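An overview of the molecular structure
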Amino acid sequence: MPAERIVVLMGSKKDYEFASRIGNFLKEEGFPVSCEYNVASAHKTPQKLLDDLQRYETSRDNVVFITVAGLSDALSGVVAGYTKYPVIACPPDSERHSYAKIFSSVSTPRGVPVAYVPEPENAALAAVRILALANRSLQGKIVQYKRKMEGKVRRNAEEIRKKPSKP
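Here goes a summary of the coordinates provided. As the structure is a computational prediction, the values presented were derived from the model and not from experiment.

For the chain, the count of helices and strands is six helices and five strands. Going from the N terminus to the C terminus, the chain shows its helices and strands as β-α-β-α-β-α-β-α-β-α-α. Each of the three principal axes of the chain carries a C-alpha extent, and together these read 65 × 40 × 30 Å. Taken over 167 residues, the chain has a buried fraction of 40%. Taking all contacts inside the chain whose residues are at least 6 apart in sequence as the whole, residues at least 24 apart take part in 68%. Surface summary for the chain: the accessible area is close to 10100 Å², and the carbon and sulfur share equals 55%. Of the charged side chains in the chain, 26 are positive and 18 negative, and the gap between their average positions amounts to 5 Å.

What follows covers the pairing of strand β1 (residues 4-10). Burial analysis of β1 places seven of its seven residues in the buried class, the great majority of the element. Residues Glu4, Ile6, Val8 and Met10 of β1 are buried on one face, and the alternating residues Arg5, Val7 and Leu9, pointing to the opposite face, are buried as well. One ladder, built from seven bridges, connects β1 with strand β3 (residues 62-68); its direction is parallel. Note on β3: the bridge partner recorded for Leu9 is Thr67. Both β1 and strand β2 (residues 34-39) contribute to a ladder of six bridges, which runs parallel. Bridging from a neighbouring strand, Val8 pairs with Tyr37 of β2.

Take the packing of helix α5 (residues 120-132) against helix α6 (residues 136-162) next. In contact at an axis separation of 8 Å, α5 and α6 are set at 140 degrees when each is read in the N-to-C sense. As the angle between them shows, α5 and α6 are arranged oblique. Here α5 and α6 pass one another in a crossing that is left-handed. Packed against α5, whose contacting residues are Leu125, Val128, Arg129, Leu131 and Ala132, the element α6 presents Arg136, Leu138, Gln139, Ile142, Tyr145 and Lys146 at the interface. Here the contact of α5 with α6 is composed, by residue class, of seven nonpolar, one polar and three charged.

Among the seven residues in β3, six count as buried, and that is most of the element. Looking at chain direction, β3 and strand β4 (residues 87-89) are connected through three bridges and run parallel. Bridging across to β4, Phe65 finds its partner in Val87. At this point the chain moves from β3, through helix α3 (residues 74-82), to the parallel β4, and the crossover so formed is right-handed.

All chains considered together, the criterion is met by ten salt bridges. Ionic pairing is found between Asp52 and Arg55, a salt bridge with its closest N-O pair at 3.3 Å. On the criterion of helical spacing, the pair formed by Asp52 and Arg55 is a turn pair, its members being three residues apart in helix α2 (residues 46-57). Take Arg55: its relative accessible area is 47%, and that puts it in the partly exposed class.

Quick look at the packing of aromatic side chains now. Scanning all chains against the criterion turns up six aromatic pairs. An angle of 75 degrees between the planes, with centres 5.2 Å apart, marks the rings of Tyr16 and Tyr37 as edge-to-face. Of this pair, Tyr16 sits in helix α1 (residues 16-29) while Tyr37 is found in strand β2, placing the two residues 21 residues apart along the sequence. According to the relative accessible area criterion, Tyr37 is partly exposed, its value standing at 26%. Plain terms: the ring middles of Phe25 and Tyr145 are 5.5 Å apart, the flat faces sit at 80 degrees to each other, and that makes the pair edge-to-face. On the criterion of sequence distance, the pair formed by Phe25 in helix α1 and Tyr145 in helix α6 is long-range, its members being 120 residues apart. Exposure class is identical for Phe25 and Tyr145. Each is buried. Ring pairs connect the aromatic residues Phe25, Phe31 and Tyr145, which therefore count as one cluster. In this structure, Arg55 is placed above the aromatic ring of Tyr56, and the distance from its NZ or CZ to the ring centre is 5.2 Å.

The rules behind the values
Residues numbered from 1 in each chain as written. Predicted model: local features only at pLDDT ≥ 70, side-chain atom pairs only at ≥ 80, totals over all residues. Heavy atoms only, no water. Helix = DSSP H or I, 4+ residues; strand = E, 2+ residues; numbered from the N terminus. Buried < 20%, exposed > 50% of the residue type's maximum accessible area, 1.4 Å probe, protein only. Contact = heavy atoms within 4.5 Å. Areas by Shrake-Rupley, 256 points an atom, 1.4 Å probe, with all protein chains shown as cover. Lys, Arg positive; Asp, Glu negative; His and termini not counted. Charge placed at Lys NZ, Arg CZ, Asp CG, Glu CD. Pairing = 2+ DSSP bridges. Axes fitted to C-alpha atoms, helices over the stretch in contact; angles between N-to-C directions. Parallel < 35°, antiparallel > 145°, perpendicular 65-115°, else oblique. Left-handed = near helix turned anticlockwise from the far one by under 90°. Nonpolar A, V, L, I, M, F, W, Y, C, P; charged D, E, K, R; others polar. Right-handed = clockwise from strand over helix to strand, strands pointing away. Salt bridge = Lys/Arg side-chain N within 4 Å of Asp/Glu carboxyl O. Phe/Tyr/Trp six-rings, centres within 6.5 Å; stacked < 30°, edge-to-face > 60°. Lys NZ or Arg CZ within 6 Å of the ring centre and 35° of its normal.

Structure, rendered in structure tokens:
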């Protein structure tokens, strides 16, 4: 039976601090999905990237790629152009570069889809939701997570409601 894997491809080692939030979120929230990290630059090591992608392509696992790359973010488009699996771009410099970053991450030709999710935790959750299409047990974990988030909002609303009003 195929395993569910999130493969986080980073453009450089310095992206790891930001990218590690993906695996941390999965662990903290109890999502039973493997998270693997790899470094391969579309600009500096294109052959390594293609060799690594070929290895993932021949795997029997269900894979979702999350690409974490700064500057021009060619990594996301190259991965999407090569793979049969979903690709989520989660650039570490989205806040700093705003719309320019969105453009460099998702402005790809027809047939080369890249989803853009700037928060690592949301990228992880989006990947889990994709993997849940093939693994129904993950759907239960997603429902649990949604209930947890709903409970937190309800508790916060109740706490605010109990605060005294200011005249």
